[in-house]
Amino acid sequence: MSDNFSSTAAFLWSVADLLRGDFKQSQYGRIILPFTLLRRLECVLESTKPSVLTMYESVKDKDITAQDKILTHAAKLSFYNTSKMDLNKLGETGVAQNLESYVQSFSPNAREIFEHFDFFQHHRQTRRSGFAL
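All values derive from a computational prediction rather than experimental measurement. (Residues numbered from 1 in each chain as written. Predicted model: local features only at pLDDT ≥ 70, side-chain atom pairs only at ≥ 80, totals over all residues. Heavy atoms only, no water.)

Peer 1: Sorry, what's going on with the nonpolar core here?
Peer 2: Nonpolar side chains tend toward joint burial in soluble globular proteins. The biggest cluster of nonpolar side chains holds 15 residues, and the ones touching the most others in it are L38, V103, F106 and F114. Broken down by secondary-structure element, the contributors of at least two residues to this core are α2 (28-45), α5 (95-104), α6 (108-116) and α7 (119-128). At four residues, α5 tops the list of elements feeding residues into this core. Leaving out residues up to four positions away in the same chain, F114 has contacts with P34, L38, L41, V103, F106 and F119. (Core = buried A, V, L, I, M, F, W, Y, C linked by side-chain atoms within 4.5 Å. Buried < 20%, exposed > 50% of the residue type's maximum accessible area, 1.4 Å probe, protein only. Helix = DSSP H or I, 4+ residues; strand = E, 2+ residues; numbered from the N terminus. Contact = heavy atoms within 4.5 Å.)

So this is what it looks like as structure tokens:
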């Protein structure tokens, strides 16, 4: 059992080193934490997403302040996402662009999280270092 655990752990670290590319180990958090938060936000929004998407279709021509109030109410939370995509539906091609579009579809207050982490800058740097989505 211990040998199996050790070999699994060694394998996972080798994959992490491969994915890391030109990133220093200290930079992992700038990539991993935003993706972890993205997945968590997605899970929290799952139950109200259909009603938010329906409501968005009827309010997308209104000003952003009105949209925000209406969609926040539809989400029953302080944030929402208006994209039909989720992490499972980013597609097989154009994944990087789809990911950026998906994150940009969060409410302004949720997008601030990703802006704080310079998510798009680090995401582009990841792509340049050879780990392309």
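Peer 1: Is there a simple way to think about the environment of S105 in this case?
Peer 2: Within the secondary structure, S105 sits in the loop between α5 and α6. Overall, the relative accessible area of 15% leaves S105 in the buried class. Separated by 25 residues in the primary sequence, S105 and Y80 have C-alpha atoms spaced 8.3 Å apart. The contact partners of S105, leaving out residues within four places of it in the chain, are Y80, N81, T82 and S83.

Peer 1: Help me out: how do you make sense of unusual backbone geometry in this one?
Peer 2: Notably, K76 is not glycine yet its phi reads approximately 60°, a positive angle. Mapped onto the elements of the fold, K76 is located in the loop between α4 (64-75) and α5. On the basis of relative accessible area, K76 is assigned to the exposed category, the value being 69%.

Peer 1: Got a minute to help me understand the packing of helix α3 (residues 49-59) against α4 in this structure?
Peer 2: Think of two packed helices as two axes; the pair is described by the angle between the axes and how far apart they sit. Viewed as axis vectors pointing N to C, α3 and α4 meet at an angle of 160°, and their least axial separation amounts to 9 Å. Of the possible angle classes, the one that applies to α3 and α4 is roughly antiparallel. As for how α3 packs across α4, the hand of that crossing is right-handed. Note on element contacts: α4 touches α3 through Q67, I70, L71, A74 and A75, opposite S51, V52, M55, Y56 and V59. Grouping the constituent residues of the contact of α3 with α4 by class yields eight nonpolar, two polar and no charged. (Axes fitted to C-alpha atoms, helices over the stretch in contact; angles between N-to-C directions. Parallel < 35°, antiparallel > 145°, perpendicular 65-115°, else oblique. Left-handed = near helix turned anticlockwise from the far one by under 90°. Nonpolar A, V, L, I, M, F, W, Y, C, P; charged D, E, K, R; others polar.)

Peer 1: What's the story with the environment of K89 in this structure? I'm lost.
Peer 2: Looking at the element boundaries, K89 is found in the loop between α4 and α5. The exposure class of K89 is exposed, given its relative accessible area of 53%. Expressed as a C-alpha distance, the spacing of K89 and L99, which sit 10 residues apart in the sequence, is 9.6 Å.

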